[in-house]
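Residues per chain, in single letters:
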Amino acid sequence: MILVLSAPQYEEKRLSLRNTWLRLGQPLGLPYYPEDFIYLPTYNKRGHLEREGPSEQANRLRVYVDWLDSVQSPKSSDVPKRNIKIKHFFAIGTLGIHPNLRANLDKEQAQFQDLLFLPRLVDVYANLTEKLLHSIDALIHHYNFTYLLKVDDDTYVKLDYLLNELVSYDRKLIRKARDYRGDPLPALYWGYFNGRANIKTKGQWSESNYYLAQRYITYALGGGYVLGRMLCEFIGNNSHHLSSYVSEDISVGTWLAAFRHVYRRHDPRFDTGYMSRKCRAHHLVLHKRNETLMRDLYNGKLCTFEAGNEIYLKRPTEYYYDWRKTADKCCDNLVA
């Protein structure tokens, strides 16, 4: 399931996604990601999932880059096509919406049938976390899915490659399920994690209700992340009991912090922050892309936005996450 959080007036953004990366999921013409390269976390003696350190993350990235080179060779055309069941929705709050805008949305829905209307939600930025809660609650009660990819409407996803690895991971998890014996199966939480973000006290992200720690509890950046269904069910079924913080990604990280069976997979291929990082061919999920950049990426142009851009030198650094250190020292191992 693909959930795109979109504002009612952004019809052009939604059309851009439909015309580019949302077309990449069917049929899937890539070879399965080699099973030997798929990591399944194991439980330690205290009953918590072990997580990969910076060296393991770096090795996995090298393996992926090598695999990427191999599947782009002419031989990859011999791979049989596979149909993966996927569905996408653009979530939109409709409470109090102007009649003219609602009429436009109804026309869009009649044409594409991919809008998830949230009738009890006023669609403003301050309600973003509530929007996620309403969306997940609706999806888990009306659709059967194994994984949820949440993105914004300015995010580009190399959907074929992401799906291919996700399906390969799921196949191995099912095959190895018996190895977990009495422990619950790992519940996937896949994205680009941050553990050293200071609690905001000013601006639109100001948070007056976050008193759990000196920093936000580790969370996957909101431009795009993947949740297993079990985690979606926990969020949806407990939505009335969960504290809603200003940022939905910070809220998700906080809600899931206590679970010992959450597999927090930090992946530098997710460029999902408030500002895009240095352009790299291995990126799978790319935030802060406008309609022009969406088309460029879809047509194989990787870095058109960087030409002559002086702010390039100020772009956020790319790091591996060190789960063995305290959160304030999590992110000092830079990707070369």
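For the structure itself, look to the data block above.
Below, the structure is looked at part by part.

Cut-offs used in this document
- Residues numbered from 1 in each chain as written.
- Predicted model: local features only at pLDDT ≥ 70, side-chain atom pairs only at ≥ 80, totals over all residues.
- Heavy atoms only, no water.
- Helix = DSSP H or I, 4+ residues; strand = E, 2+ residues; numbered from the N terminus.
- Buried < 20%, exposed > 50% of the residue type's maximum accessible area, 1.4 Å probe, protein only.
- Axes fitted to C-alpha atoms, helices over the stretch in contact; angles between N-to-C directions.
- Parallel < 35°, antiparallel > 145°, perpendicular 65-115°, else oblique.
- Contact = heavy atoms within 4.5 Å.
- Nonpolar A, V, L, I, M, F, W, Y, C, P; charged D, E, K, R; others polar.

In this section: the environment of W67. Within the secondary structure layout, W67 lies in helix α2 (residues 54-71). According to the relative accessible area criterion, W67 is buried, its value standing at 7%. As for W67 and Y319, which are separated by 252 residues in sequence, their C-alpha atoms are 21 Å apart.

Orientation of helix α4 (residues 128-142) relative to helix α7 (residues 248-255), taken along the N-to-C sense of each, is 60 degrees, at an axis distance of 8 Å. Considered as vectors, α4 and α7 are oriented oblique to each other. Counting all contacts with α4, which are made through L128, T129, L132 and L133, the residues of α7 involved are E248, S251, V252 and W255. Grouping the constituent residues of the contact of α4 with α7 by class yields five nonpolar, two polar and one charged.

With that settled, the discussion passes to the environment of F234. Topologically, F234 is positioned in helix α6 (residues 229-237). When the C-alpha positions of F234 and K85 are compared, they lie 23 Å apart, and in sequence the two are 149 residues distant. In contact with F234, not counting residues within four places along its chain, are L242, W255, L256 and F259.

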